[in-house]
Amino acid sequence: MPPQVTNVQQREHVFVSALPGLEPAVQAEALGFSPRPVDGGVELMGAPGLHQEANLRLRTASRVWLRLGRFAATDAGALAKGLAGLPLERVWDGRTTPRLSVALHHARFKGPDAVLAAAARAWGLPSVERAGVLDEESSEGLTLLVRVEGDTCTVSADTSGEPLHRRGYRQEVSRAPLRETLAAGILVLAGYDGVEPLVDPMCGSGTFLIEGAWMSQRRAPGLQRAFAFERFPGFDAADWGARKARAEAEALPAPRSALRGHDINAGSLGTARRNARRAGVTLTLERQDVRTLAAPAGLGPGLVVANPPYGKRVGEAEDLPGLYRAMGNTFRRAFKGWRAAVLLPEDPGLIRALGLPEGRNLPVRNGGLRCRLLVSTL
């Protein structure tokens, strides 16, 4: 008798993955979807089309997975039978060969190759390819996540395709790029409400400001890109078009707050202007050194946000303490009464040099580097 496969056709079960440290931001964003925190992100439950809404609207998510089923997999035979019983017709056209991303935790299987072999046997294929690093690549075909925890196997389909930080507007980057999802997550964690002024004194390619502008406009981040679910069998282009049209109608024509960026590098400002133009955003950008930055004229308290050099990609490590001290002095002098959010490497010396008032100190990752997000009131 085949293993019992649990799947829900009338309601969708979705797993939204996030960068380490951004799980609370995803949960805050997804309150309308009744999120449940889990390792690496949140789970959502809702009506059919939930995976489309999540891809379209969630700013801080890395990828959206549609749960296909969960079953007991006590050995390779049970695994193959469970995989054979999945409702793959929802996501697979049967023409391309699916790729598998495999995660094993206290499983009885020797390794990912055993899962790939079981999948090939279950679906009558000569072989099944293992997926690479999903944060760095996309596939034209179907990618499935097979997660085995003890004796329980959960299978999910990737609905995003390209990682969700690829919004479509950032075709150029500065020397130390910040992922769009991380920038949005930092703004969420810092309490940015889209109404208060937003200033980035070291704006680089403008990612913080563009993400802040879209938040202020209530513009869905997925409107300018394509998704893997558009290749699923039975995909309804008219329904998806209507869903996008509703999101477009909710967007405001302009941000509700002032957004200003500064950088000492003229080339970075040019990149920021072109990225903003592609995003349909108008920013106030000025060449200015953070060491001498003046108080923003005519702007009330708001949020000042920065991703300063770490000494690994740009700048020299020995120059960093002086830069961080100068930046902290500028914040306390020019932005008194504002909130500050600074992403910096996990370095107690640099944290002390920055000298921000006591506040929140949150662990996050930036490009694989262990970092801290400091949020405080100046």
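Anything mentioned here points back to the structure above.
Residues numbered from 1 in each chain as written. Predicted model: local features only at pLDDT ≥ 70, side-chain atom pairs only at ≥ 80, totals over all residues. Heavy atoms only, no water.

Caption draft 1: Looking closely at the overall build of the protein. Looking only at helices and strands, the protein features ten helices and 15 strands. Radius of gyration (C-alpha) of the protein: 23 Å, near the 21 Å computed for a compact globule of 378 residues. With respect to the three principal axes, the spread of C-alpha positions in the protein is 75 × 45 × 35 Å. Sorting the 378 residues of the protein into buried and exposed places 54% on the buried side. Residue pairs in contact within the protein that sit at least 24 positions apart in sequence constitute 78% of those at least 6 positions apart. Surface exposure of the protein reaches about 16,300 Å², of which carbon and sulfur atoms provide 50%. The protein carries 48 positive and 39 negative side-chain charges, and their two centres are separated by 3 Å. (Helix = DSSP H or I, 4+ residues; strand = E, 2+ residues; numbered from the N terminus. Rg over C-alpha atoms; globule rule 2.2 N^0.38 Å. Buried < 20%, exposed > 50% of the residue type's maximum accessible area, 1.4 Å probe, protein only. Contact = heavy atoms within 4.5 Å. Areas by Shrake-Rupley, 256 points an atom, 1.4 Å probe, with all protein chains shown as cover. Lys, Arg positive; Asp, Glu negative; His and termini not counted. Charge placed at Lys NZ, Arg CZ, Asp CG, Glu CD.)

Caption draft 2: Structural context of the sheet that holds strand E4 (residues 63-72). Judged by pairing direction, the sheet is mixed, and its eight strands sit side by side in the order E2-E3-E1-E4-E8-E7-E5-E6 without closing on themselves. Across the chains shown, the open sheet's two edge strands, defined by having one partner strand only, are strand E2 (36-38) and strand E6 (129-130). Packed on one face of the sheet, helix H3 (residues 76-84) meets E4 and strand E8 (152-158) and runs near 125° to E4. (Pairing = 2+ DSSP bridges. Axes fitted to C-alpha atoms, helices over the stretch in contact; angles between N-to-C directions.)

Caption draft 3: Quick look at the pattern of salt bridges. Inspection of every chain in the model, using the stated rule, returns 17 salt bridges. The partner of Arg95 in a salt bridge is Asp93, with the nearest N and O atoms 3.3 Å apart. Its relative accessible area of 71% is what places Arg95 among the exposed residues. Taking the shortest distance from any N to any O, the salt bridge between Asp289 and Arg291 comes out at 3.3 Å. Taken together, the shared-partner salt bridges in this structure form one network comprising Glu53, Arg57, Asp239, Arg243 and Glu250. (Salt bridge = Lys/Arg side-chain N within 4 Å of Asp/Glu carboxyl O.)

Caption draft 4: Representation of the pairing of strand E3 (residues 41-46) within the structure. Burial of E3 is extensive: five of the six residues sit out of reach of the surface. Note: strand E1 (residues 12-17) against E3, six bridges, orientation antiparallel. The partner of His13 across the bridge, within E3, is Met45. Bridging between E2 and E3 involves three bridges; their strand directions are antiparallel. Across the sheet, residue Pro37 finds its bridge partner in E3, namely Val42. If you look at the hairpin formed by E2 and E3, you'll find two residues sitting between the two strands, and Gly40 has a positive phi there, around 85°.

Caption draft 5: Helix H2 (residues 50-57), seen in detail. Extensive coverage of H2 is indicated by the burial of seven of its eight residues. Residues of H2 that are buried: Leu50, His51, Gln52, Glu53, Ala54, Asn55 and Leu56. Of the surrounding secondary structure, the elements contacted by the buried residues of H2 are E1, E3, E4 and helix H7 (237-250).

Caption draft 6: The environment of Asp263, seen in detail. If you trace the backbone, Asp263 turns up in strand E10 (residues 259-263). The exposure class assigned to Asp263 is buried, which follows from its relative accessible area of 11%. Contacts of Asp263, omitting those with residues within four sequence positions, involve Pro201, Met202, Cys203, Gly204, Ser268, Leu269, Glu286, Arg287 and Gln288. A polar contact of 3.4 Å, which involves the side chain of Asp263, links it to the backbone nitrogen of Cys203. (Polar contact = N/O pair within 3.5 Å; in protein donor to acceptor, adjacent residues only side chain to side chain.)

Caption draft 7: Region of interest: the state of the cysteines. Taken as a whole and judged by the stated rule, the model has zero disulfides. In this structure Cys203 is not part of a disulfide, and its nearest cysteine sulfur, from Cys371, lies 19 Å away. (Disulfide = S-S within 2.5 Å.)

Caption draft 8: Expanded view of the sheet that holds strand E14 (residues 360-366). If you walk across this open sheet you meet the seven strands as E11-E10-E9-E12-E13-E15-E14, and the pairing is mixed. Since the sheet does not close on itself, it has two edges, and those belong to strand E11 (284-287) and E14, each with one partner. Within this sheet the neighbouring strands show an average axis-to-axis angle of 20°, counted without direction. Bridge analysis of E10 against E11 gives four bridges, and the strand direction is parallel.

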